[in-house]
Amino acid sequence: MAKIIGGLTTSHVPAIGGAMARGVQNEPYWKPFFDGYLPVHKWLDEVKPDVAVVFYNDHGLNFFLDKMPTFAVGAAPEYHNADEGWGIPTLAPAKGNLDLSWHLIQHLVDREFDIVTCQEMLIDHAVSLPLKLFWPNGCPVTIVPICINTVQFPLPSAKRCYALGKAVGEAIASWDSDKKVVVIGTGGLSHQLDGERAGFINKPFDLKFMDSLVNDPEWATKYSIHELVEKTGTQGVELLMWLATRAAVPGAVRKVHANYHIPISNTAAGLMALEAV
Ligand code: DHB
Ligand code: FE
């Protein structure tokens, strides 16, 4: 059976792509952010996952307001990245893992998750940038992207995203394969890009949330979506991806590394690597 080696969570601010393209990772603004990934590179070199299941939120690129699935699972042979207009370079397509996609889809439907299955799916900065941050020299893993709606209300609750993550973890563990799987969650942490509270950041909440993922993973499920928006900002609610990721890694975890840096763009940038024990 497949093995879940752990979870990786990171912010996905589009400006990261521009910084990588310009090669300014060592400039004072960017260094505390990019340095955070070095211990994760070391860990990935040791554990060498074959496949990544990626919880992310689309930003209006593949799904728009006319058709907005709550949960969507990719089942495509490859996932093309498309520039959304942020001026970031268009990164190479990511290779899909069809066998795991269909196994996951079957398991999730059996567990009564009414998902949308996508045999064509464009990915945006929420998938392409984390893959580039974790594997700057080229992505060695095939992927299964799982999209959670954080764009158009109503959003799925934290409790529901946790349950989805748990079911995804069960599905991976029952996949008849000798592959090593890492679960990735991208988004957050606290940020609000628009409106009266633009620039809103809540460091105490972010740190408490990161802490909870190690030993008390269900902690954030006690909050409603409106409470999470209040505490973390309208886009901070992307932390649902981190919650689903942690839920997918069964049992106890060892914190390999964490980094938290304010600000990148308008965002509290966070990173965690958790190893399944
Ligand atoms: C920013 C952050 C995001 O999560 C995103 O999707 C777009 C922009 C930002 O901070 O600029
Ligand atoms: Fe985002």
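So, a few notes on the structure that sits alongside this text.

Reading the values: the criteria
- Residues numbered from 1 in each chain as written.
- Chains lettered and ligands numbered in written order.
- Predicted model: local features only at pLDDT ≥ 70, side-chain atom pairs only at ≥ 80, totals over all residues.
- Heavy atoms only, no water.
- Core = buried A, V, L, I, M, F, W, Y, C linked by side-chain atoms within 4.5 Å.
- Buried < 20%, exposed > 50% of the residue type's maximum accessible area, 1.4 Å probe, protein only.
- Helix = DSSP H or I, 4+ residues; strand = E, 2+ residues; numbered from the N terminus.
- Contact = heavy atoms within 4.5 Å.
- Patch = residues over 30% accessible without salt bridge, like charges linked within 9 Å, V, L, I, M, F, W, Y side chains within 5 Å.
- Areas by Shrake-Rupley, 256 points an atom, 1.4 Å probe, with all protein chains shown as cover.
- Salt bridge = Lys/Arg side-chain N within 4 Å of Asp/Glu carboxyl O.

## Points about the nonpolar core
Step number 1: In terms of nonpolar packing, the biggest core is built from 56 residues, with Val53, Phe55, Leu164, Val168 and Phe209 touching the most fellow members.
Step number 2: Of the residues forming this core, the biggest block, 8 residues, is contributed by helix α6 (residues 158-173).
Step number 3: Ignoring anything within four residues of it in the chain, the contact list for phenylalanine 209 reads Leu189, Trp219, Ala220, Leu239, Trp242 and Leu243.
Step number 4: Residues Met20, Tyr37, Leu44 and Ile143 belong to the second largest nonpolar core, which totals 42 residues.

## Thoughts on a nonpolar patch on the surface
Step number 1: Together, Phe64, Leu65 and Val151 make up a nonpolar patch on the protein surface, roughly 270 Å² of accessible area in all.
Step number 2: The residue leucine 65 is located in the loop between β2 (51-56) and β3 (71-74) in this model.

## A look at the pattern of salt bridges
Step number 1: Tallying each qualifying case throughout the model produces 5 salt bridges.
Step number 2: With its nearest N and O atoms 3.4 Å apart, the salt bridge here joins lysine 42 to glutamate 46. Here lysine 42 and its partner glutamate 46 are both found in helix α3 (residues 38-47), 4 residues apart, which amounts to about one turn of the helix.
Step number 3: On the accessibility criterion, lysine 42 (56% relative accessible area) is exposed.
Step number 4: For arginine 254, the salt bridge identified is with glutamate 275, shortest N-O distance 3.1 Å. Of this pair, arginine 254 sits in strand β9 (residues 253-264) while glutamate 275 sits in strand β10 (residues 267-276), and the two are 21 residues apart along the sequence.
Step number 5: Note on arginine 254: relative accessible area 39%, which makes it partly exposed.

Function-wise, these values are silent; they only describe arrangement.
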